Every structure is written in structure tokens, then in C-alpha cells.
Amino acid sequence: MSARIYRPSKTAMQSGTRNTRHWFLEFEPEKGKTLDPLMGWVGSADTKGQVRLKFDTLEEAESYAKRMGLEYTVAPDHSRKRNIQAYADNFKYTA
């Protein structure tokens, strides 16, 4: 069983950093999805695809994966450094 550990990046639809501070562990799909011939719905017998575990730190997620004997890959962190600036800085005189 293999898993992926990642930290989600900020979506284009949000200006804040909510839901980007935790690390998540998701299982890689073992089987592909199948198409139901009658209804046309897409389904899978792989129930681990619905599991998403949340951790506060990367070390916690890695220790959990090691404890459970999972093969895992860590995706690089896509967090960016925020440039916090005062509103008054917009009106400073620069020569």
C-alpha cells in the first residue's frame, strides 16, 4: 500500500491561508475506476480512496506512515512567503 503526504496550496478562489497549514496523507488508488454500463456512473471498489488523514506537522504524518508500514512519498511544500506591508507605505515619497 502506498500513500502520498502533502500540504495543500492556496486555491485561486481564496485570499487567506485557511486549510493550508496542515499536512494530509492520502492513499494512492490500487485499482482504476470503472464505468457502470447501465447508468454511466463512475465507481470504484477501492474504499481507501475516500480516506484523507490530517496531521499538524510533516513529522507526525511520516511517523504514522512508518508505524503502519506504508510506502509513502512526500510532495514538496508550495507555501509562499507573505510580504506584509502597511497601507501607509503606498503613499511614501520615493525620489
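Cut-offs and rules
- Residues numbered from 1 in each chain as written.
- Predicted model: local features only at pLDDT ≥ 70, side-chain atom pairs only at ≥ 80, totals over all residues.
- Heavy atoms only, no water.
- Helix = DSSP H or I, 4+ residues; strand = E, 2+ residues; numbered from the N terminus.
- Rg over C-alpha atoms; globule rule 2.2 N^0.38 Å.
- Salt bridge = Lys/Arg side-chain N within 4 Å of Asp/Glu carboxyl O.
- Buried < 20%, exposed > 50% of the residue type's maximum accessible area, 1.4 Å probe, protein only.

Draft legend 1. A look at the overall build of the protein chain. The number of helices and strands found in the protein chain is one helix and six strands. The secondary structure elements of the protein chain, listed N-terminal to C-terminal, are β-β-β-β-β-α-β. Here the C-alpha radius of gyration of the protein chain, 20 Å, is well above what a compact globule of 95 residues would show, namely 12 Å. Considered along the principal axes of its C-alpha atoms, the protein chain spans approximately 70 × 40 × 20 Å.

Draft legend 2. Inspection of the pattern of salt bridges at higher detail. Here the structure, examined in full by the defined rule, presents five salt bridges. Across the pair Arg 52 and Glu 26 runs a salt bridge, and its minimum N-O distance is 3.4 Å. Residue Arg 52 is found in strand β5 (residues 52–55), and its partner Glu 26 is found in strand β2 (residues 23–27); the two are separated by 26 residues along the sequence. Overall, Arg 52 belongs to the partly exposed group, its relative accessible area being 45%. Between Asp 89 and Lys 92 there is a salt bridge; the shortest N-O distance is 3.1 Å. Judged by its relative accessible area of 57%, Lys 92 falls in the exposed class. Among the charged side chains, a network of salt bridges with common partners joins Arg 4, Glu 26, Glu 28 and Arg 52.

Draft legend 3. The arrangement of the environment of Pro 76 in detail. Turning to its location among the elements, Pro 76 is positioned in the segment after β6 (71–74). Pro 76 gets classed as exposed once you look at its relative accessible area, which sits at 57%. For Pro 76 and Tyr 6, which are 70 residues apart along the polypeptide, the C-alpha to C-alpha distance reads 7.1 Å.

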